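What follows is the residue order along each chain.
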Amino acid sequence: MRKTIFNDNWTVFKEGDVSTKKAVTLPHDAMMDEERKEENPGGVHTAWFAGGDYIYEKAFTVPLSDSNKKIVFEFEGAYRNAEVSINGQKAGQRPYGYTNFYVDASAFLEYGKENKIEVVCRNSEQPNSRWYSGSGLYRPVNMYALPEKHILINGIKIKCLEVSIPKLEVTVNRSAPGGAEIAILDGNKVIKTVTLSEGQDSAVIELPGAMLWSPEQPKLYTCRVTFGGDTAEERFGIRKVDCDAKQGLRINNKRVILRGACVHHDNGLLGAAGHPFAERRKIKLLQAAGYNAIRSAHNPCSKAMLDVCDELGMLVLDEYVDMWYIHKTPFDYAGYFDKWWRQDMSDMVDKDYNHPSVIMYSIGNEVSETGQARGIGLTGEMTEYLHKIDNSRPVTCGVNIFFNYLSSLGFGVYSDKKAKKEAAKDHTKKKKAVGSEFFNNLAGIFGDKVMKIGATLGGSDRRTRDAFAKLDVAGYNYGIMRNKKDVKKYPDRVILGSETFCTDAYKFYEFAKKHPALIGDFVWAGMDYLGEAGIGAWEYRNYAKDFTRSFGWLTAGSGKLDITGKGGGESAYTRVAFELDKIRMAVVPVDHAFQKHSPSAWRASNAIESWAWNGREGRETIVEVYAKAHKAALFLNGNKLAEKKIKKKDCFADFKVVFQPGELTAVSYDEAGKEIARCSLKSAEKATKLSLVPEDKIVSAEDGLCYVRLRYTDENGLVRPRTHGKIEVKVENGTLLGLGHACPYNTDGYKNAWTEAYYGEALAIIRPDGKGKVTVAASSPYGNAVAEIAAE
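Reading the values: rules and limits
- Residues numbered from 1 in each chain as written.
- Predicted model: local features only at pLDDT ≥ 70, side-chain atom pairs only at ≥ 80, totals over all residues.
- Heavy atoms only, no water.
- Pairing = 2+ DSSP bridges.
- Helix = DSSP H or I, 4+ residues; strand = E, 2+ residues; numbered from the N terminus.
- Axes fitted to C-alpha atoms, helices over the stretch in contact; angles between N-to-C directions.
- Contact = heavy atoms within 4.5 Å.
- Buried < 20%, exposed > 50% of the residue type's maximum accessible area, 1.4 Å probe, protein only.
- Core = buried A, V, L, I, M, F, W, Y, C linked by side-chain atoms within 4.5 Å.
- Salt bridge = Lys/Arg side-chain N within 4 Å of Asp/Glu carboxyl O.
- Phe/Tyr/Trp six-rings, centres within 6.5 Å; stacked < 30°, edge-to-face > 60°.
- Lys NZ or Arg CZ within 6 Å of the ring centre and 35° of its normal.
- Polar contact = N/O pair within 3.5 Å; in protein donor to acceptor, adjacent residues only side chain to side chain.

J.: Any chance you could explain the sheet that holds strand β26 (residues 473-477) here in plain terms?
T.: Strand pairing in a sheet relies on backbone hydrogen bonds. The paired strands run either parallel or antiparallel. An order of β21-β22-β23-β24-β25-β26-β27-β28 is seen for the 8 strands of this closed barrel, with the pairing classed as parallel. The average angle at which neighbouring strand axes cross in this sheet is 25°, direction not considered. The sheet contact formed by strand β21 (residues 258-263) and strand β22 (residues 293-296) spans 4 bridges and is parallel. Note that in β22 the partner of Val263 across the bridge is Ser296. Contacts from helix α6 (residues 401-408) reach β25 (395-400) and β26, with the element oriented near 60° to β25.

J.: Hey, could you run me through the pairing of strand β10 (residues 141-146) in this one?
T.: Side-chain direction in a regular strand flips from residue to residue, so the side chains alternate between the two faces of the sheet. Across the 6 residues that make up β10, a large majority, 6, are buried. Burial along β10 is two-sided: Val141, Met143 and Ala145 facing one way and Asn142, Tyr144 and Leu146 facing the other are all buried. By the bridge criterion, 6 bridges tie strand β5 (residues 70-75) to β10 in an arrangement that is antiparallel. Pairing of Lys70 across the sheet is with Leu146, part of β10.

J.: Looking at this structure, I do not really get the nonpolar core. What am I missing?
T.: A general feature of soluble globular proteins is that nonpolar side chains tend to end up buried together. In this structure, Leu258, Tyr320 and Trp324 are the most contacted members of the largest nonpolar core, which totals 165 residues. With 7 residues, the single largest contributor to this core is helix α4 (residues 334-352). Not counting residues up to four positions away in its chain, the partners in contact with Leu258 are Leu249, Asn292, Ala293, Leu315, Ile359, Met360, Leu496, Phe508, Ile519, Gly520, Asp521 and Phe522. The next biggest cluster of nonpolar side chains, apart from the first, holds 30 residues, and it includes Phe75, Ile86, Val103 and Leu137.

J.: Before we go on, may I ask you to explain the pattern of salt bridges in this structure?
T.: Between side chains of opposite charge, a pair can form when the charged atoms approach closely. For the coordinates displayed, the defined rule picks out 62 salt bridges. Members of the salt-bridge network, linked through shared partners, are Arg281, Lys566, Glu695, Arg709, Arg711 and Glu761.

J.: What should I look at first to understand the packing of aromatic side chains in this one?
T.: In total, this model carries 35 aromatic pairs according to the counting rule given. When the ring of Tyr98 is compared with that of Tyr138, the centres are 6.4 Å apart and the planes differ by 75°; the resulting orientation is edge-to-face. One end of the pair, Tyr98, is in the loop between β7 (89-94) and β8 (101-104); the other, Tyr138, is in the loop between β9 (114-122) and β10, with 40 residues separating them in the sequence. Look at Tyr138 and you get buried, because its relative accessible area is 0%. Relative to Phe578, the ring of Tyr509 has its centre 5.4 Å away and its plane inclined at 55°; by these criteria the two rings are tilted. Pair noted here: Tyr509 is in helix α13 (residues 505-514) and Phe578 is in the loop between α14 (569-577) and β29 (583-587), with a separation of 69 residues, a long-range link. Across the pair, Phe578 and Tyr509 agree in class, each one buried. Here a set of aromatic residues connected by ring pairs shows up, and it is made of Tyr79, Tyr96, Tyr98, Tyr138, Tyr320, Trp324, Tyr333, Tyr336 and Phe337. The lysine or arginine in question, Arg493, covers the ring of Tyr490, its NZ or CZ lying 3.8 Å from the ring centre. It is Arg541 that lies over the ring of Phe547; its NZ or CZ is 4.1 Å from the centre.

J.: Can you help me understand the environment of Glu181 in this one?
T.: In this fold, Glu181 is placed in strand β13 (residues 180-186). Exposure remark for Glu181: the relative accessible area of 38% places this residue in the partly exposed category. Through-space distance from the C-alpha of Glu181 to that of Phe227 is 6.6 Å; in sequence the pair is 46 residues apart. The residues touching Glu181, leaving out its near neighbours within four places in the chain, are Val194, Thr195, Arg224, Val225 and Thr226. Within the local environment of Glu181, its side chain forms a polar contact with the side chain of Thr195, the two groups lying 2.9 Å apart.

J.: Looking at this structure, how should I read α14?
T.: One full turn of an α-helix is made of 3.6 residues, so residues set three or four places apart face in the same direction. Within α14, 9 of the 9 residues are buried, which leaves the element mostly enclosed by the surrounding structure. Those residues of α14 that sit buried are Gly569, Glu570, Ser571, Ala572, Tyr573, Thr574, Arg575, Val576 and Ala577. Next to the buried residues of α14 lie α2 (276-288), α13, β29, β30 (620-627) and β33 (652-658). Positive phi appears at Glu579, one or two residues downstream of α14, with a value of about 65°.

Right under this line is the structure:
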């Protein structure tokens, strides 16, 4: 089996307008190149980016020597309604934009001659998503050459049977009868070989002394299979997942509490383009923020994401879809779901099966169908289907408990009739929100308690219990206030906080430590994302023109890490709640403390870890101290300002403080008054300069990206969050892919060669043009700066 990366030398143009044709390298997000306009029908969902139908073309040659081989193309993600033609003949299609799919090209090729592949991605019908989807071939494309007798693509399945003495079951699906050789490798060393006879599809292999895969030690092995003249390899980890209400979630018989984060598929300033380097960076940032698991909200994640999660030990809840047969937006996947869900989930499982990081599947998100007789039956049917094709992982579904109840009363329900009405409306006028958007808006207006309290109602329980009984794990979206009652009422129910608020991190973790039935929690959202614009933002008037989520809002604003990957007070609070840090501190921006801001249920605070508010001496603000302690005290330049008890059933205390320059120190104490921990923040020195800080000094010239932080700092590199001013960027030996700041309200976007700073910072992303030195030069009102990154 020969796999060739097929990402280079493509062209793309908008259907009907060949003048827009340009050369591109995959992965490519065509939506990111569209102009944002108020009249674009995607509106708040897609952050006013336009949809479109795009044609991707590539000329290629398959040598005559491959004429006896089967040629198959793999599309890891094409948004959406993709149709593939080869030499003018239709070869395959796929409506869902998030599953990888395969096209057998053999019957359409001319070996030894130039061939042409054409992929049409249709995304003009808007809106079809509740968030920014991107358009086109946004994930990689691969070409496989398979000999006549070959191992099937995804034909190797590796299942862990035992971990006390590691024991595997390896299944090998082949295209024809014949024996096969299985070799298990540790690096380049073969540690075990087994032979499959002609009629044998699987073998049980013991590996005494082999290391187990775990989040703490993500050890990986390779399974190499030889079948005649064909060879295929799969990387895997040895680990076993068990889950029940009595002992909780266990990996290799050890209990694990999921400290999870929901993440969307986009890569921030890059749009939906699935660069492997960007996926790796996202996981590393989330791990540093204290999370040990991600939920791929609300679609299957990329192969690159799974690879890096395997390598770094990040656990994965892979989710299938955001809607079933009831629409949430006029043109969404509900129209295709009934026909395609089995094929979609089969491809998701094929992608995930050998990845040890994937510990659970989710069949949907906030699908109110789970409160209907048809939907309850479908819940069972989908769960059973997943068990049939992969019985090694539990199945859940993210259910908004209060949403189900209100939907049963007729609130926020979509229908095909309503969908047609919405599609016919003037796109510049505000439309009636439905489904998840309706309930998210309610939470934004009334705060985070509306869904949590609503979930405790008897009607909410009645409208979810039957669907939960069909699942291995009951996914509670914003249902934390049910936990105490439900572990008693439903003693066999395994509970997962499939979507939660940041404010609940402490309560969740303390309860989970005592009650194994609660296996984890996934905060909304781990990292900010494009689209669903403004839903979770905490912004002031100087950064946002209005608070109504009108044209101009770009990101959701609900991330514990912002769109550039930087954390603030919420991220610091989370690490303390999860007992990863003993004390942290953050400060509400002094310029705007106590001012009105955009409403959000998904932000607990907008405080940042900075005391560099020079120029605002004498202004009062709030300092937040996060500590698991009896009390905390604040000191400025060694002088005690205040002391306060930590809030009951939390790890948080806030202080009103007047800003003065110097060193601000927070100290936590136990009940006896003994110091537990301390941390400090310093104010800035007088001078301001522009600093460029590469996140990596060396990157791969082949598939690396250069992330460079642009910062207004003092002479010691301390960021000055009050400093503004346009920053212009020039690049040598590289291509500027994205440039921008983290403010959710952003009319400029990320495609310019200049950007404003947001709280003193911005980010540039550069792809090396080849080996050598990538030079990034920036100019600003506070001087110029240069950074160099080695591309090797």
